[in-house]
Number of protein chains: 4
Amino acid sequence: MSRTPVKKVVLAYSGGLDTSVILKWLEQEYGCEVVTFTADIGQGEEVEPAREKAQAAGIKEIYIEDLREEFVRDFVYPMFRANAIYEGEYLLGTSIARPLIAKRLVEIAAETGADAISHGATGKGNDQVRFELTAYALNPDIKIIAPWREWDLLSREKLMSYAAEHGIAIEQKRDGTKSPYSMDANLLHISYEGYDLEDPWVEPGGDMWRWTNDPQDAPDTPLEITLTFTRGDVTAIDGKAMTPAEVLAELNRIGGEHGIGRADIVENRYVGMKSRGCYETPGGSILLKAHRAMESLTLDREAAHLKDELMPRYAELIYNGYWLSPEREMLQAAIDQTQAVVNGDVRLKLYKGNVLVVGRRSETNSLFDESIATFEEDAGAYDQGDATGFIRLNALRLRVQGRQR
Amino acid sequence: MSRTPVKKVVLAYSGGLDTSVILKWLEQEYGCEVVTFTADIGQGEEVEPAREKAQAAGIKEIYIEDLREEFVRDFVYPMFRANAIYEGEYLLGTSIARPLIAKRLVEIAAETGADAISHGATGKGNDQVRFELTAYALNPDIKIIAPWREWDLLSREKLMSYAAEHGIAIEQKRDGTKSPYSMDANLLHISYEGYDLEDPWVEPGGDMWRWTNDPQDAPDTPLEITLTFTRGDVTAIDGKAMTPAEVLAELNRIGGEHGIGRADIVENRYVGMKSRGCYETPGGSILLKAHRAMESLTLDREAAHLKDELMPRYAELIYNGYWLSPEREMLQAAIDQTQAVVNGDVRLKLYKGNVLVVGRRSETNSLFDESIATFEEDAGAYDQGDATGFIRLNALRLRVQGRQR
Amino acid sequence: MSRTPVKKVVLAYSGGLDTSVILKWLEQEYGCEVVTFTADIGQGEEVEPAREKAQAAGIKEIYIEDLREEFVRDFVYPMFRANAIYEGEYLLGTSIARPLIAKRLVEIAAETGADAISHGATGKGNDQVRFELTAYALNPDIKIIAPWREWDLLSREKLMSYAAEHGIAIEQKRDGTKSPYSMDANLLHISYEGYDLEDPWVEPGGDMWRWTNDPQDAPDTPLEITLTFTRGDVTAIDGKAMTPAEVLAELNRIGGEHGIGRADIVENRYVGMKSRGCYETPGGSILLKAHRAMESLTLDREAAHLKDELMPRYAELIYNGYWLSPEREMLQAAIDQTQAVVNGDVRLKLYKGNVLVVGRRSETNSLFDESIATFEEDAGAYDQGDATGFIRLNALRLRVQGRQR
Amino acid sequence: MSRTPVKKVVLAYSGGLDTSVILKWLEQEYGCEVVTFTADIGQGEEVEPAREKAQAAGIKEIYIEDLREEFVRDFVYPMFRANAIYEGEYLLGTSIARPLIAKRLVEIAAETGADAISHGATGKGNDQVRFELTAYALNPDIKIIAPWREWDLLSREKLMSYAAEHGIAIEQKRDGTKSPYSMDANLLHISYEGYDLEDPWVEPGGDMWRWTNDPQDAPDTPLEITLTFTRGDVTAIDGKAMTPAEVLAELNRIGGEHGIGRADIVENRYVGMKSRGCYETPGGSILLKAHRAMESLTLDREAAHLKDELMPRYAELIYNGYWLSPEREMLQAAIDQTQAVVNGDVRLKLYKGNVLVVGRRSETNSLFDESIATFEEDAGAYDQGDATGFIRLNALRLRVQGRQR
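Thresholds, definitions, all that
Residues numbered from 1 in each chain as written. Chains lettered and ligands numbered in written order. Predicted model: local features only at pLDDT ≥ 70, side-chain atom pairs only at ≥ 80, totals over all residues. Heavy atoms only, no water. Helix = DSSP H or I, 4+ residues; strand = E, 2+ residues; numbered from the N terminus. Buried < 20%, exposed > 50% of the residue type's maximum accessible area, 1.4 Å probe, protein only. Contact = heavy atoms within 4.5 Å. Areas by Shrake-Rupley, 256 points an atom, 1.4 Å probe, with all protein chains shown as cover. Pairing = 2+ DSSP bridges. Axes fitted to C-alpha atoms, helices over the stretch in contact; angles between N-to-C directions. Expected span 1.5 Å × (residues − 1). Polar contact = N/O pair within 3.5 Å; in protein donor to acceptor, adjacent residues only side chain to side chain. Nonpolar A, V, L, I, M, F, W, Y, C, P; charged D, E, K, R; others polar. UniProt positions renumbered as here; feature names shortened; annotations may be inferred. Least-squares fit on C-alpha atoms with pLDDT ≥ 70 in both. Domains from an automatic or database assignment. Buried area = accessible area lost by both parts, 1.4 Å probe. Phe/Tyr/Trp six-rings, centres within 6.5 Å; stacked < 30°, edge-to-face > 60°. Lys NZ or Arg CZ within 6 Å of the ring centre and 35° of its normal. Left-handed = near helix turned anticlockwise from the far one by under 90°. Salt bridge = Lys/Arg side-chain N within 4 Å of Asp/Glu carboxyl O.

(A) Inspection of the overall build of chain A at higher detail. For chain A, the count of helices and strands is 13 helices and 14 strands. Each principal axis of the C-alpha atoms in chain A carries an extent, and together these give about 85 × 55 × 45 Å. The proportion of buried residues among the 405 residues of chain A is 66%. Residue pairs in contact within chain A that sit at least 24 positions apart in sequence constitute 73% of those at least 6 positions apart. Carbon and sulfur atoms make up 47% of the accessible area of chain A, which amounts to about 14,100 Å² in all.

Pasting the structure below:
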């Protein structure tokens, strides 16, 4: 395969083994200059060490950025306004982070005069699609190098031997252990794939999970919290105002402690195969439950139902990598249009894996009218006789059909 | 208001205070003969005592029937094939039972030569709609008497005084207590409305819940079970074949023990108001989770996504009372068409309110292909290079738009 | 039936027989003051004569308004951005006008201190629903008087005799004829119901149609026109800038001449029955065809497909009277979000009932890329080899299922 | 590029220049045996000449089949039950024929022991996708050779010179003319692409259209016909029973005479580009209009609306090549479930491009109830007072929101 000529490439670089190998491989195979880009999106590992490593590898243009607030504010929060869940279970933790990375890669390419970008996603997964669709949408002429689709370093062993051969340091994790799983983490979640998960009948080993307590080991006493919503977004916990990233970090902390947000699923990838993944999304699981509760009090029935009908499509778009597409923006416009009234407080109990809603209120936007809903006499707020006509006209077409049979 | 003349009416009769008052009221106001119909749909109270009470009230035609198998086989199971949830939370326990009752009322009317049916649902709720739409669909000329929409006994006190006046016995519950909530139960669930639930910010008293342990009081040891699916329906638990009603009863028993299936929600009624309800659906909560897991392994991606998109509409139809409608039957045809392949086993852990999927397998219908999904080398099962063309053509329209901007 | 006490009522008043009778009947039955409101929404009859009639009837507050521009700009145009068609055939001409009338009734009630509004729509049709849902949404406490649902003047004869009795003048149409059909007209369309249309097998008499030439009588020479779109709306015809109402009036004129826009349909009313209606929508038929053609060149595929999927719901909402609802506003937000790029020209031929698109172009927003689409060699604009991977990954799930069978 | 080894290949062979070149190229490049398959699907050219040509090329296994009945019965008719239209204009004439061809290619491969199939569709179009998805679904291990994606004969000139070089006869069309357009025809339609259509602002030359009269040249007298529907399919014209293929052929004949079914559109291809195509679908245009009219009388409102909402998805699936997919089969099950009641007659007038419905009736399944729909007094068939409750409850949520604002 002849390589497309590339002058300079911006690489999504973590400093780990894979992207260190890619860095070297790009220089060797493409003979091009490499710019590294390392982002803190809340993966829980420090990003500064990547600078030193990149310098050691002779890189001149090194970008290291803290994107946590942008990530939650512009990606996670809009997605949660939609109550997005993929295939009934997956909160899209990996999917929603990719467009932001890709966006910065393309922007940095423009800033540095690079004509290409590169990433470490494999040719079997969804992430390559998410990176590349976003990049192409932003810069139709950008060149994209996906080494996993090009090279022959297709096993861990080959990768290690390439690293050894090229003097790339292979570090242990700081805690001395090495997870056998393929993992991805950001402020919204951590995911696990591969290893014993490849048999969907087998339960993963208990030491796989990293962010959450096993519900059995979580505190025996429930924790009660109150989330405050402003236009569909959480803006305070227990009355304390916080930024989006602060909210999510805090919910991760307490959710993780209480064993919340584990999921073990078989999902359908966009590239056509089924795969098994495990996810920890403690804060996101709390957000979703609370947002639905807030909407239940403040959102109109038909708007809510329409949101529910559109949600699977919206979630699929994000999963498949179409964040930056006209159709996602169209759906977002519809979703956001409904959120102006989603204001108020939700009271929750967290207990050993459970997120229990125990109260919701809205000073300004509650549509719950106790005078109508009451089981006691309602002093004329609702005329029960109206129901007769309501039922009879709704039944009319069914009755005509009944006669016709 | 002048009453439509009625000759004979079939009354959905529980033997409790409300329907005993209705029985008497129908005789008095309509001067018509009353046939009573009492069904065991798994509400957990014996139905035979209703015979004695009806006899004591002078009723000559008394129908008492065990509909549990029909209920689960023909109503609950088809609904769970759709993974139906209303407004993200409610498993439709009350909604799905009403059409069956209405169907029997109409059939008994035909058998007994009655020209009317009657029920004890109020004019504010959904149940009146569910009863009456079904009845009208089956017999367009049936007369329907809904006393709550006609009479002025609109408070509990007035009802009690009418009962006293007419010599209707007011019994305590067998356990000596009297719940302050308005409740409904069947093999799928028990529901609570009214009383302190009328303030959606207030957590209900802990003694409200009747079927499930508080998660805090549930066993400290998880229970692992295996459910076997045949064409989308559970046909065995831990390898033991069971009928539909047996499956649901057993899942209720173990789910209840492990604190599973409580929900506290604000929902949108079809008649236009928001109301707050609490539900216990232990067996149903397990069924839903397990069915999704079984589908995740055996169902095609696009069929699964289409099911997810249609589900909210399907759930809304059932909630609103349109079980016996062309549109529900149309959706059911689509759903059932997909279930031939939903065969296999799902392994679950039940623990203090959690239903955790830990494994799924299908000898005959698994679409999980480990040789493709593996993170190791796949010996050519999947050509990573294919992803390049896949992404590039999916990106084409985005690139053209990018250029155009 | 006891009347709700009413102080002052705003009546949608045409000056014709029906609303003249209603005016008198309101005064008599409700003993209330009547304010008349007459709007020019392009029905093609002068509205000023209504003033004289109202004065003759002793009315003190008389509102007569020209709403044509508001009607097209704020109601018709937004609807056409959605390509809305009800049940595959009906362009919603009556439906879209009702919310505007209702809005003005409620506003005038506020201005004049009236506590009620009244309209002349019958209890069998959709219009009562459209008027009243809009009115209730704007003023939840407004009283609404729908005489046709209250009185016993249910035949034409009874109405005439009431008119005679109360000295209400019964005029002939200005052209001396009296149509046997129930008609409604505004700038978007004219409709016909009743009389020989009540048998859906019978073709209506040729003299029923009022706005359009029979295609057989239309000119033998096609007329070619060019419509200019700006953000999804037509802003010029043949290069001449026009206001929305001017555009629609002109398209009605030339469309009517060329026999365009007749429809003869059986439709499903919201109140539950099927009814047969005939419609002439010359300008609207041209608008719809042209708008689709403009979108075909400028709108993204997936946005266009999503619009197509949402359209039937949107049309149903308008038909059913939910213009002023959260769900319609939500859909409108999505639709409008897509229209920024719908700019350019569409060339049409009008000929004996046909609207034929013969060209479309957009200087600024065309997504048609001839270099890619060409059947000749494309100099690398498109790599045909990409299709292999595209197909193979899209086929992957189908192949796995094929193997599994 | 190294060729996958192939033993024997079944080629979709028309006998024309392109597939004759492909035949030779396959033998040369793959060194494999070629089986030819030529189908009569109503393209209007005789298929027997292909036998002679194949024999002349030395082919031993030659399949020539008349698939017209199967095509209409099992593909066209099911699709028309859905009222399928792609992007508001295109009746899917090419799309629906491809799966049938692909199915026969795979079946013939099995019969003849071939390990591959081949087709003449280019790498830019939809047809390659439709052929190959179907083939892969039926035989996941089939090899597919798409010469246009492999070879370098990418212009007409190169193709001609290859033909000349290899002694392949280049015939004129029988009528002596050679269309400059890329065309495709079957019993449902004929399509045109390329040449002057590549500028979407330009009207195609009048001699492009082959099947239909220009409306201006069509008869001056309308033709009235009656179509009889049985379970959603046309089974007779003017009372004369016909097979599906006979129906479509006859409707093509009379529709073509009356100038019906021309479309000139810009469409979105699945492979990502916009392209301009012209289509003649005379019979299909009549079928669609008539089917909707038959449904309007016999189909339930909500089933009809649900069909309308699902239709764009269904049409997209067929356009994109997913005829043989679980999701299309799922939708078909829903659609077919509704058609049992679609029985009766539709009366149409055909006139210069117009298909006008002038009557519809159903002895057995009409849901049009004149006693309810009438504008005269209805003797109690419909209680207008019911509308009050109907409207008030439908308005309840809007009123609560109105109060809350």
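From this point on, the discussion continues.
(B) Focus on the pairing of strand β12 (residues 274-280) of chain C. All names here are of chain C. Along β12, seven of the seven residues are buried, which leaves the element largely enclosed by surrounding structure. The pairing of strand β7 (residues 190-193) with β12 spans four bridges and is antiparallel. Looking at the pairing, Ile 190 lines up with Glu 280 of β12. Relative to β12, strand β11 (residues 262-268) runs antiparallel, the two sharing seven bridges. Within β12, the residue paired with Arg 262 across the bridge is Glu 280. The loop that links β11 with its antiparallel partner β12 comprises five residues; one of these, Gly 272, has a positive phi angle of about 115°.

(C) How the structure looks around unusual backbone geometry. For Asp 238 of chain B, which is not a glycine, the phi torsion comes out positive at approximately 50°. Mapped onto the elements of the fold, Asp 238 of chain B is located in the loop between β9 (233-237) and β10 (240-241). Positioned with a positive phi, Asn 83 of chain C is a non-glycine residue whose angle comes to about 55°.

(D) Region of interest: the sheet that holds strand β3 (residues 62-66) of chain C. All names here are of chain C. Spatial ordering of the open sheet is given by β3-β2-β1-β4-β5, a layout of five strands whose pairing is parallel. The sheet terminates laterally at β3 and β5 (143-145), the two strands that pair on one side only. On average, adjacent strands in this sheet sit at an angle of 20° to one another, irrespective of strand direction. Of the strand pairs in this sheet, strand β2 (residues 33-40) and β3 are connected by five bridges, and their pairing is parallel. By the bridge assignment for β3, Asp 40 is matched with Asp 66. Strands β2 and β3 of the sheet are contacted by helix α2 (residues 49-56), whose axis makes an angle of about 175° with β3.

(E) Local environment of helix α9 (residues 282-298) of chain B. Compared with the 24 Å implied by 1.5 Å per residue over 17 residues, the 25 Å span of α9 of chain B between its first and last C-alpha is a close match. The buried fraction of α9 of chain B amounts to 16 of the 17 residues, a majority that puts the element mostly inside the structure.

(F) View of the interface of chain A and chain B. Taken residue by residue, the interface counts 106 residues in chain A and 106 residues in chain B. Summed over the shared surface of chain A and chain B, the result is 51 residue pairs in polar contact (both at pLDDT 80 or more). When residues of the side of chain A that touches chain B are assigned to their parent elements, the largest contribution, 13 residues, is made by helix α13 (residues 386-404) of chain A. Tallied by class, the residues present in the side of chain A that touches chain B amount to 39 nonpolar, 26 polar and 41 charged.

(G) How the structure looks around the UniProt feature "domain: Arginosuccinate synthase-like N-terminal" (unreviewed entry) in chain A. The residues that UniProt annotates with the feature "domain: Arginosuccinate synthase-like N-terminal" (unreviewed entry) are residues 8-168 of chain A. For the annotated span residues 8-168 of chain A, helix accounts for 48% and strand for 15% of the residues, and the straight-line distance between the end C-alpha atoms is 21 Å.

(H) Seen up close, the relation of the copies chain A and chain B. For the pair chain A and chain B, the best superposition has an RMSD of 0.0 Å and corresponds to a rotation of 180° with a translation of 0.0 Å parallel to the axis. Given the turn and translation reported, the copies of this chain are related as if by a two-fold rotation axis. When C-alpha distances to the rotation axis are compared across chain A, the minimum falls at Glu 309 of chain A, with a value of 2.9 Å. A symmetric contact is evident, with 100% of the interface residues of chain A recurring at the interface of chain B.

(I) Inspection of the domain arrangement of chain A at higher detail. All names here are of chain A. When the domains of chain A are assigned, the result is domain 1 (8-179) and domain 2 (183-361). Just the C-alpha atoms count here: the centres of domain 1 and domain 2 sit 24 Å apart. A combined buried area of about 4,200 Å² lies between domain 1 and domain 2, and 65% of that area is made up of carbon and sulfur atoms. Counting the surface domain 1 buries against domain 2, the share from its top three residues, Tyr 77, Arg 81 and Asn 83, is 18%.

(J) Expanded view of the packing of aromatic side chains. Inspection of the entire model under this criterion finds 50 aromatic pairs over all chains. Centroid distance Trp 25 of chain A to Trp 151 of chain A: 5.5 Å. Interplanar angle 90°. Geometry classified as edge-to-face. Taken together, the positions of Trp 25 of chain A in helix α1 (residues 17-30) and Trp 151 of chain A in the loop between α6 (147-150) and α7 (156-165) put the pair 126 residues apart, joining distant regions of the chain. Ring pairs connect the aromatic residues Tyr 270 and Tyr 322 of chain A, Phe 390 of chain B, Phe 390 of chain C together with Tyr 270 and Tyr 322 of chain D, which therefore count as one cluster. We note Arg 328 of chain B situated over the ring of Trp 323 of chain B; from NZ or CZ to the ring centre the distance is 3.5 Å.

(K) Representation of the packing of helix α3 (residues 68-81) of chain D against helix α4 (residues 98-112) of chain D within the structure. Residue and element names in this part refer to chain D. Between α3 and α4, the least distance of the axes is 10 Å, while the angle of their chain directions is 115°. Between α3 and α4 lies a crossing whose hand is right-handed. Contacts between α3 and α4 involve Glu 70, Phe 71 and Phe 75 from the first element and Pro 99, Leu 100 and Lys 103 from the second. Residues that form the contact of α3 with α4 fall into these classes: four nonpolar, no polar and two charged.

(L) Focus on the interface of chain D and chain C. Contact residues are listed per partner, giving 105 residues for chain D and 106 residues for chain C. Carbon and sulfur atoms supply 53% of the area that chain D and chain C bury against each other, a total of about 9,600 Å² over both sides. Linking chain D with chain C are 12 salt bridges, by the criterion used here. At the junction of chain D and chain C, the tally comes to 49 residue pairs in polar contact (both at pLDDT 80 or more).

(M) Structural context of the relation of the copies chain D and chain C. Once turned by 180° and shifted 0.0 Å along the axis, chain D lies on chain C with an RMSD of 0.0 Å. Both copies contact each other with a shared surface, as 100% of the interface residues of chain D are interface residues in chain C too.

(N) The arrangement of the pattern of salt bridges in detail. Counted according to the given criterion, the structure contains 152 salt bridges over all chains. For Arg 81 of chain B, the salt bridge identified is with Asp 233 of chain B, shortest N-O distance 3.0 Å. Here Arg 81 of chain B is found in helix α3 (residues 68-81), whereas its partner Asp 233 of chain B is found in strand β9, with 152 residues between them in sequence. Look at Arg 81 of chain B and you get buried, because its relative accessible area is 13%. What makes Asp 233 of chain B buried here is its relative accessible area of 15%. Here the residues in one salt-bridge network are Glu 65, Glu 70, Lys 103, Arg 104, Glu 107 and Glu 111 of chain A, joined through shared partners.

(O) Focus on the environment of Leu 310 of chain A. Mapped onto the elements of the fold, Leu 310 of chain A is located in helix α10 (residues 301-320). Accessibility expressed as a relative area gives 10% for Leu 310 of chain A, which makes it buried. When the C-alpha positions of Leu 310 of chain A and Ile 335 of chain A are compared, they lie 9.1 Å apart, and in sequence the two are 25 residues distant. Setting aside its immediate chain neighbours within four residues, Leu 310 of chain A contacts Leu 331 of chain A together with Leu 310 and Met 330 of chain C.

(P) Quick peek at the pairing of strand β6 (residues 182-185) of chain C. Residue and element names in this part refer to chain C. Where β6 and β7 come together, four bridges link them in antiparallel fashion. Paired with Asp 184 across the two strands is Ser 191, which belongs to β7. Between the end of β6 and the start of β7, which pair antiparallel, lie four residues.

(Q) View of the environment of Leu 297 of chain A. Topologically, Leu 297 of chain A is positioned in helix α9 (residues 282-298). Spatially, the C-alpha atom of Leu 297 of chain A lies 9.0 Å from that of Gly 344 of chain A, the residues being 47 residues apart in sequence. Leave out the neighbours within four places in its chain, and Leu 297 of chain A touches Arg 360, Arg 361, Ser 362, Asn 365, Ser 366, Leu 367 and Phe 368 of chain A together with Pro 200, Val 266 and Lys 274 of chain B.

(R) Seen up close, the sheet that holds strand β9 (residues 233-237) of chain A. Residues and elements named next belong to chain A. Spatial strand order, β10-β9-β8-β13-β14: five strands in an open sheet with antiparallel pairing. Each end of this open sheet is capped by a strand with a single partner; those strands are β10 (240-241) and β14 (354-361). Examined bridge by bridge, β9 and β10 share two bridges and lie antiparallel to one another. Residue pairing in the sheet places Ala 236 in a bridge with Ala 241 of β10. Set on the sheet, α9 makes contact with β8 (223-230), β9, β13 (344-351) and β14; between it and β14 the angle comes to about 30°.

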